[in-house]
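Listed below, chain by chain, are the residues.
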Amino acid sequence: VLSIQSRQLSWPRVRLLGAYVITVASAYAAAKSVVGPARPPIHALAILGILLALLAGVSATCTA
Amino acid sequence: MIFVIGPLVQGASNRRTRFVKVGAYISAMVLSASVLGASVSIIGHSILRQVPITWLALAVGILLYGARELGLLRLPLPQSSWQVPRVWMRLGPFVYPLLYGLAIGIGVLTRAPFASFQTMVAWQLAMGSVGVGAAMGAAYAIARGSAPLLLGLTASDPSLGLLRGTRWIAERQGLWRLANGVFLGLLGGVLTSIALA
């Protein structure tokens, strides 16, 4: 079911993919420098979860 | 598009009635979303607690669905096509906001076209913490109910402002899809780092 869309090779799509990869890599590097080798406390995961829930809630307003 | 929030304020004779109806809707939504979050977390706690790659698998899933939100991938998004029945409106001015809130707060019963919702449920499952699961559910419901309210309160006519606020959010699906894609990308990157630590 997973497939890359057929118009994948257009220049805007390549740029978007590049921007996405840079975003992910930046978040990974930033988290790695903050967290270090130790596992983060449960509070960090909880705060990320709450932020995710807030975004999900606002986005869901579109279907109301 | 049928706005759920519209009937809550239209036809209400006074400000107090509107306030009670909207309050009942949001309270019921917070209750059901919290109960669902706690329930999912209990299931996650009993099933996934001993699975070491849970967070890494979730990180990979988040990255894939972030790419989906940006239109880079085609992935199925599990969701229901059920809509809250209109006949519930005949059940009385204070009963239907409660029923609407309870049904919509559960989330999985109705449409969920943005991947942040499914990701949230998966996060609750992976966390396996009843308290965090319930808090995430409450945050989801408060954001869903309060976003148009906050926009509405800035208008001179709160009822009209509430509808306009809801419409303002609903007409910007592209913006929310972009926000979902970027946020899931960031979240996936952070979670990958955490999972590999």
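What you are looking at is a predicted structure, and each value in this text was computed from that prediction instead of being measured.

Visitor: I'm lost on the overall build of chain A in this one. Help?
Guide: Secondary structure assignment for chain A yields two helices and one strand. Its helices and strands taken in sequence order, chain A reads β-α-α from the N to the C terminus. Across the 64 residues of chain A, 36% fall into the buried class. Entry remark: accessible area of chain A is about 3800 Å², with carbon and sulfur atoms responsible for 74%.

Visitor: It is not clear to me how the interface of chain A and chain B should be interpreted in this structure. Could you clarify?
Guide: Interface size is often expressed as the accessible area that is lost when the parts come together. Counting from both sides, the interface comprises 41 residues of chain A and, opposite them, 58 residues of chain B. Interface area, chain A with chain B, both sides summed: about 4300 Å², of which 75% is carbon and sulfur. At the boundary of chain A and chain B, one finds zero salt bridges. Counting the contacts that link chain A with chain B gives seven residue pairs in polar contact (both at pLDDT 80 or more).

Visitor: What is the right way to look at the packing of aromatic side chains in this model?
Guide: How two aromatic rings sit relative to each other is set out by the distance from centre to centre and by the angle between their planes. Residues and elements named next belong to chain B. All chains considered together, the criterion is met by three aromatic pairs over all chains. With a centroid separation of 5.4 Å and 50 degrees between ring planes, the pair formed by phenylalanine 117 and tyrosine 140 is classed as tilted. With a gap of 23 residues between them, phenylalanine 117 in helix α5 (residues 115-127) and tyrosine 140 in helix α6 (residues 130-153) connect regions that are remote in the sequence. Overall, the relative accessible area of 2% leaves tyrosine 140 in the buried class.

Visitor: In this structure, what is going on with the pattern of salt bridges? I would like to understand it.
Guide: Between side chains of opposite charge, a pair can form when the charged atoms approach closely. All names here are of chain B. Counted according to the given criterion, the structure contains two salt bridges over all chains. Among the ionic pairs, glutamate 69 bridges to arginine 177, the shortest N-O distance being 3.1 Å. Within this pair, whereas glutamate 69 is found in helix α3 (residues 54-69), its partner arginine 177 is found in helix α8 (residues 173-196), the two being separated by 108 residues in sequence. Judged by its relative accessible area of 3%, glutamate 69 is buried. The exposure class assigned to arginine 177 is partly exposed, which follows from its relative accessible area of 24%. Residues participating in the shared-partner salt-bridge network are Arg68, Glu69 and Arg177.

Visitor: Sorry if this is basic, but what is going on with the nonpolar core here?
Guide: If you look at the biggest cluster of nonpolar residues, it comprises 41 residues, and the most contacted ones within it are Trp55(B), Met120(B), Trp123(B), Tyr140(B) and Leu191(B). Put simply, the parts of the chain that give this core at least two residues each are α2 (42-60) of chain A together with α2 (15-48), α3, α4 (95-106), α5, α6 and α8 of chain B.

Visitor: Can you walk me through the side chain of Thr54(B) in this structure?
Guide: Within the element layout of this structure, Thr54(B) appears in helix α3. The residues touching Thr54(B), leaving out its near neighbours within four places in the chain, are Leu48(B) and Ala126(B).

Analysis parameters
Residues numbered from 1 in each chain as written. Chains lettered and ligands numbered in written order. Predicted model: local features only at pLDDT ≥ 70, side-chain atom pairs only at ≥ 80, totals over all residues. Heavy atoms only, no water. Helix = DSSP H or I, 4+ residues; strand = E, 2+ residues; numbered from the N terminus. Buried < 20%, exposed > 50% of the residue type's maximum accessible area, 1.4 Å probe, protein only. Areas by Shrake-Rupley, 256 points an atom, 1.4 Å probe, with all protein chains shown as cover. Contact = heavy atoms within 4.5 Å. Buried area = accessible area lost by both parts, 1.4 Å probe. Salt bridge = Lys/Arg side-chain N within 4 Å of Asp/Glu carboxyl O. Polar contact = N/O pair within 3.5 Å; in protein donor to acceptor, adjacent residues only side chain to side chain. Phe/Tyr/Trp six-rings, centres within 6.5 Å; stacked < 30°, edge-to-face > 60°. Core = buried A, V, L, I, M, F, W, Y, C linked by side-chain atoms within 4.5 Å.

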